[in-house]
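# Structural overview
Okay, here's what each chain looks like letter by letter:
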Amino acid sequence: EEGFPPEPLNYQNPSIRGQWHCLMTQDDRAIDWQQDSTQAVLRKIRAADGVPGLKDAINGREYFLYNGHAEALLNSDGSASAGELIAQRDGAVCRATVDGAVWITHLRPAQPQAGEFGFKLPALQVLGEYGQALAESSLAPETVPEGDSWQQIRYREQSEIGYLAFDFYNGAMSTEQCLRLRDAVEAAKLRPIRVLVLLGGEDFWSNGIHLNQIEAAESAADESWANINAMNDLCLALIETPNQYVIAAMQGNAGAGGVFMALAADRVVAREGVILNPHYKSMGNLYGSEYWTYLLPKRVGAERAEQLTQNRLPISTRQACQQGLIDGCWSGERAGFVAEIQMMAQALIEAGSIETLLAAKCTKRQQNEAEKPLQRYRDEELERMKLNFYGFDPSYHVARYHFVEKLPKARTPSFLAHHRRS
């Protein structure tokens with residue numbers, strides 16, 4: 001903050017001015033599976049999440065562990081040995097602790113062998129046959145577990161309101177995850193609800209297609225194509241909701257296709273502090289899909305849409321509100337955001353305005369469809385995307401490889417270095 005005078009540490013009396021802490025090493029946060037409680041294990045994983053990850057051994061090999069979650073029911077009787085893998089779910093593995101278990105969603109080999117990838121992937125994919133042999137512990141979106149558990153897609157109902165939360169690690173959505181979320185949306189649309197609230201995850205809303213899994217696929221082009229079509233199927237399910245008013249409540253950051261997925265809702269609100277990146281071009285001039293050529297100009301106009309997608313710069317929620325990209329910005333405490341959204345949805349029900357909103361929405365959708373069908377928007381976008389994936393210009397594949405492998409850029413991109421612009 002401007003004008004704030006920093007206070008130096010008091011090395012003689014740390015209780016007065018804090019204490020200097022040295023860089024934490026892997027040895028400092030190593031898990032002792034025979035001693036550490038579930039909460040201790042989670043703290044150690046979270047202390048290293050992002051980069052570099054927490055190094056640990058599984059089946060005699062060292063991996064970096066990411067994204068841990070508590071599990072209350074599996075191994076509640078203590079029958080499994082601490083450190084033992086006991087179950088799988090949606091690409092994650094469950095590992096026993098001395099007082100319960102933890103879910104670990106992603107792994108990275110510490111020393112990749114021939115044919116292996118050195119970046120984060122779903123734990124089950126990294127472990128291969130060893131992980132696939134684990135018992136499946138599925139949890140449907142509408143199932144309410146009796147205690148802590150990891151639930152990637154979660155659906156709850158209250159009165160005539162459905163709440164759909166989806167927590168994808170780092171906001172990346174694979175083909176399979178997109179299709180599962182689409183199925184959850186379609187199932188919610190069949191429920192006797194009038195408002196559908198999309199909550200995303202606490203840290204990320206969505207960042208679009210899953211570049212890591214695309215990079216690890218046998219054919220990156222084919223997987224890119226499958227992934228973008230699955231994202232489109234999800235967006236279409238949200239656009240075509242004649243019987244529900246859809247609210248996108250963005251608790252966390254969003255980028256690329258994730259931003260445009262949110263615009264498929266009827267009302268979009270975000271927590272203050274959330275950062276949006278409504279563009280694709282930084283990924284090797286990727287054109288993008290998710291019906292953005294329909295959804296974005298409809299909100300901000302053609303000129304502003306051009307600026308947002310070409311400038312390749314992040315914007316805050318306040319800027320997004322001012323530009324008409326989203327409808328509201330919550331400036332209160334983070335913990336109160338979901339409660340505020342619940343009150344907003346309930347107010348719509350109690351005010352009796354839902355039928356009017358839905359009627360106007362359906363009329364507008366019919367008018368838009370008569371002017372230009374959604375299928376045409378999709379076909380035109382995918383025609384450009386096919387060139388990105390299969391065309392002679394490899395820019396997208398090169399940019400994706402650099403992104404996944406965390407390779408630094410040779411120089412500051414021209415869209416940031418204004419002095420190099422022609």
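Keep in mind the model is a prediction, meaning the values are calculated, not measured. (Residues numbered from 1 in each chain as written. Predicted model: local features only at pLDDT ≥ 70, side-chain atom pairs only at ≥ 80, totals over all residues. Heavy atoms only, no water.)

### Things to note about the overall build of the protein chain
From N to C terminus, the protein chain includes 15 helices and 16 strands. Against the compact-globule benchmark of 22 Å for 422 residues, the protein chain has a radius of gyration of 23 Å, which places it among compact chains. Overall, the protein chain is about 65 × 55 × 55 Å in size when its C-alpha atoms are taken along their principal axes. The buried share of the protein chain, reckoned over its 422 residues, is 47%. Considering only residue pairs separated by 6 or more positions, the protein chain has 67% of its internal contacts joining residues 24 or more positions apart. In the structure as shown, the protein chain presents an accessible area of about 21000 Å², 50% of it carried by carbon and sulfur atoms. Taking the 41 positively charged and 53 negatively charged side chains of the protein chain as two groups, their mean positions are separated by 6 Å. (Helix = DSSP H or I, 4+ residues; strand = E, 2+ residues; numbered from the N terminus. Rg over C-alpha atoms; globule rule 2.2 N^0.38 Å. Buried < 20%, exposed > 50% of the residue type's maximum accessible area, 1.4 Å probe, protein only. Contact = heavy atoms within 4.5 Å. Areas by Shrake-Rupley, 256 points an atom, 1.4 Å probe, with all protein chains shown as cover. Lys, Arg positive; Asp, Glu negative; His and termini not counted. Charge placed at Lys NZ, Arg CZ, Asp CG, Glu CD.)

### Points about the sheet that holds strand β7 (residues 153-158)
The strand order across the open sheet built from 6 strands is β7-β8-β9-β11-β13-β16, with neighbouring strands paired in mixed fashion. Two strands lie at the open edges of the sheet, namely β7 and β16 (328-330), each paired on one side alone. Sheet twist, expressed as the mean angle between neighbouring strand axes with direction ignored, is 20 degrees. Of the pairings in the sheet, the one linking β7 to strand β8 (residues 161-166) comprises 6 bridges and is antiparallel in character. Bridged to Glu-157 within β8 is Gly-162. Contacts from helix α13 (residues 354-371) reach β9 (195-200) and β11 (245-250), with the element oriented near 95 degrees to β11. (Pairing = 2+ DSSP bridges. Axes fitted to C-alpha atoms, helices over the stretch in contact; angles between N-to-C directions.)

### A few points about the environment of Glu-383
Following the sequence through the fold, Glu-383 ends up in helix α14 (residues 374-390). For the pair Glu-383 and Ser-289, spaced 94 residues apart in the sequence, the C-alpha separation amounts to 9.8 Å.

### Considerations on the sheet that holds strand β14 (residues 275-277)
Ordered by their spatial adjacency, 4 strands build an open sheet running β10-β12-β14-β15, and the pairing between neighbours is mixed. Lying at the two open borders of the sheet, with one neighbouring strand each, are β10 (204-206) and β15 (315-316). Bridging between β14 and β15 involves 2 bridges; their strand directions are antiparallel. Opposite Leu-276, over in β15, you have Ile-315 as the bridge partner.

### What to know about unusual backbone geometry
With glycine set apart, most residues show a phi of negative sign, and most peptide bonds adopt trans. Look at the link from Val-51 to Pro-52: it is a cis peptide, with omega at 5 degrees. By the secondary structure assignment, Pro-52 is in the loop between α2 (38-48) and β1 (54-58). A positive phi angle, close to 65 degrees, is found at Asn-75, a residue other than glycine. Within the secondary structure, Asn-75 is located in the loop between β2 (61-71) and β3 (85-89). The class of Asn-75 is buried, set by a relative accessible area of 10%. If you check the backbone angles, Asn-170 has positive phi at about 60 degrees while not being a glycine.

### A look at the pattern of salt bridges
All told, the structure shown has 19 salt bridges when counted by the stated rule. Between Glu-186 and Lys-189 there is a salt bridge, with the nearest N and O atoms lying 3.3 Å from each other. Of this pair, Glu-186 and Lys-189 both sit in helix α5 (residues 175-189), 3 residues apart, which is roughly one turn of that helix. Residue Lys-189 is classed as buried on the basis of its relative accessible area, which comes to 16%. Taking the shortest distance from any N to any O, the salt bridge between Arg-299 and Asp-327 comes out at 3.0 Å. Residue Arg-299 is found in helix α9 (residues 292-300), and its partner Asp-327 is found in the loop between α11 (317-323) and β16; the two are separated by 28 residues along the sequence. Look at Asp-327 and you get partly exposed, because its relative accessible area is 44%. The network of salt bridges with shared partners includes Arg-182, Asp-183, Asp-233 and Arg-378. (Salt bridge = Lys/Arg side-chain N within 4 Å of Asp/Glu carboxyl O.)

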